[in-house]
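Structural characterization, general
In case you want the letters, here they are:
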Amino acid sequence: MSNNFNNKQQELVGQFSEILKFGSDLFRNSELNFTRVRFKKQLLFLTVCASQSYSESIFKLLRSEPYFDKASEVIFRSLVETFININYVYAGRNQRNAFVFIIDSIQEQIDFAEKHKSFWNKYPKWNLTFGHIKSPNDWDQFISDRESEIKIILKKYKYKIPKKIPDIRGRAIAFDEYLKKKKKLSKRQSLEKYYVLYYKFFSQIAHLNISGLNRFFVTDENNQQRLSIDGSPDDAERVITITYQIYFVLLRFFAKEFKLYKKDDFLKFEKFSKSILKS
């Protein structure tokens, strides 16, 4: 751990390392029958696995010098998107939002296939082989299979799927509306807040627009601009603090849903989570 961290930051990094190991051990030592649970739980399982990978990657980028804060923020943005998506999936007792999410994912596969086919037809002499796709027309069967998959889902489960599937902001708002109906919406729980404060802000560094590119420069005391490829302990603290909160909430929810939750095991992480919220 970097000696440049102050005592508070060292504690944060240490606690983050500890909860990541706890989560990893929880997965490794648990027997989960992934195929015997409903779509919501399958998506939760996959989401938490992805969040484990993302959170550990953020930790490795920020635990010591050099602090790769900009790269970690790109990963963090994806973590926020994952957090919004899984909360949207669980906004309601039935499986509807899970199927909306699944159908949207299938439609994205179809969209990719159509664009790849169109591009290949535009440049037929280019070798654009994609896995088992050896020619543009090979995509036709793939597209047909995916369209049939959507029809089977709609026919079997009979959920009304909106013509325009909500984007990430729409999903955040839908979750907040769900909490409003239950009279449980608060500043701490609002996903639209996560979307506006984190997802949109960190989109600048992810997309590298002018605001994102400017993050790689700082103005020194002589009013001169210089490169700032790495971050500072304060930059690392900011990202780790928010990542800890999201990871903790997802891990606890996963443990409860899969009957792995033991209050005593989570107590110290919950106390620390509350303490950094107040600081």
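Residues numbered from 1 in each chain as written. Predicted model: local features only at pLDDT ≥ 70, side-chain atom pairs only at ≥ 80, totals over all residues. Heavy atoms only, no water.

The subject of this paragraph is the overall build of the protein chain. Each helix and strand counted, the protein chain has 10 helices and two strands in total. Mapped from its N terminus to its C terminus, the protein chain presents α and β elements in the order α-α-α-α-α-α-α-α-β-β-α-α. Expressed as lengths along the three principal axes of its C-alpha atoms, the size of the protein chain is roughly 60 × 50 × 35 Å. For the protein chain, buried positions account for 41% of its 279 residues. (Helix = DSSP H or I, 4+ residues; strand = E, 2+ residues; numbered from the N terminus. Buried < 20%, exposed > 50% of the residue type's maximum accessible area, 1.4 Å probe, protein only.)

On to helix α6 (residues 168-181). With 14 residues, α6 extends 20 Å between its outermost C-alpha atoms, agreeing within 8% with the 20 Å of an ideal straight helix rising 1.5 Å per residue. Those residues of α6 that sit buried are Ile168, Arg171, Ala172, Phe175, Asp176 and Leu179. Relative to the axis of α6, the buried residues are bounded by an arc of 140 degrees and lie together on one face. If you follow the buried residues of α6, they end up packed against α3 (69-89), α4 (96-122) and α7 (191-207). (Expected span 1.5 Å × (residues − 1). Arc of directions from axis to C-beta. Contact = heavy atoms within 4.5 Å.)

Positionally, Lys41 belongs in helix α2 (residues 39-62). Counting along the chain gives 80 residues from Lys41 to Asn121, while the straight-line C-alpha distance between them is 40 Å. Those residues in contact with Lys41 that lie beyond four places of it in its chain are Tyr90, Glu257 and Phe258.

The next point concerns the packing of α6 against α7. At a minimum axis distance of 7 Å, the contact between α6 and α7 shows a crossing angle of 145 degrees. Taking contact as the criterion, the partners of Ile168, Arg169, Ala172, Ile173, Phe175 and Asp176 in α6 are, on α7, Leu191, Glu192, Tyr195 and Tyr199. Here the contact of α6 with α7 is built from residues that sort into seven nonpolar, no polar and three charged. (Axes fitted to C-alpha atoms, helices over the stretch in contact; angles between N-to-C directions. Nonpolar A, V, L, I, M, F, W, Y, C, P; charged D, E, K, R; others polar.)

Throughout the structure, instances matching the rule amount to 17 salt bridges. With a shortest N-O distance of 2.9 Å, Asp25 and Lys21 are connected by a salt bridge. Taken together, the residues Asp25 and Lys21, both in helix α1 (residues 7-28) and four residues apart, mark about one turn of the helix. A relative accessible area of 54% means that Lys21 is categorised as exposed. Here Asp69 and Arg215 are joined by a salt bridge, their closest N and O atoms 3.6 Å apart. One end of the pair, Asp69, is in helix α3; the other, Arg215, is in the loop between α8 (210-214) and β1 (217-219), with 146 residues separating them in the sequence. A relative accessible area of 1% places Asp69 in the buried class. Overall, the relative accessible area of 25% leaves Arg215 in the partly exposed class. (Salt bridge = Lys/Arg side-chain N within 4 Å of Asp/Glu carboxyl O.)

The final tally for this structure, using the stated rule, is 30 aromatic pairs. Plain terms: the ring middles of Phe76 and Tyr198 are 6.0 Å apart, the flat faces sit at 80 degrees to each other, and that makes the pair edge-to-face. In this pair, Phe76 is assigned in helix α3 and Tyr198 in helix α7, connecting sequence segments 122 residues apart. Taking the centre distance of 5.8 Å and the plane angle of 70 degrees together, the rings of Phe119 and Trp126 count as edge-to-face. Its relative accessible area of 37% is what places Phe119 among the partly exposed residues. Through successive ring pairs, a cluster of aromatic residues spans Phe76, Phe83, Tyr194, Tyr198, Phe201 and Phe202. Residue placement shows Arg146 over the ring face of Phe142; its charged tip is 4.7 Å from the ring centre. Directly above the aromatic system of Tyr261 lies the positively charged group of Lys256, at a separation of 5.0 Å from the ring centroid. (Phe/Tyr/Trp six-rings, centres within 6.5 Å; stacked < 30°, edge-to-face > 60°. Lys NZ or Arg CZ within 6 Å of the ring centre and 35° of its normal.)

Residue Tyr199 marks the point of greatest curvature in α7, where the axis turns by about 25 degrees. Within α7, burial applies to Leu191, Tyr194, Tyr195, Tyr198, Tyr199, Phe202, Ser203 and Ile205. Buried residues along α7 sit in contact with α3, α6, α8 and α9 (233-257). Measuring from the side-chain oxygen of the N-cap residue of α7 to the backbone nitrogen of Glu192 gives 3.4 Å; that N-cap residue is Ser190. (Bend = angle between axes of the 7 residues up to and from the residue. Polar contact = N/O pair within 3.5 Å; in protein donor to acceptor, adjacent residues only side chain to side chain.)

That is the geometry; function is a separate question.
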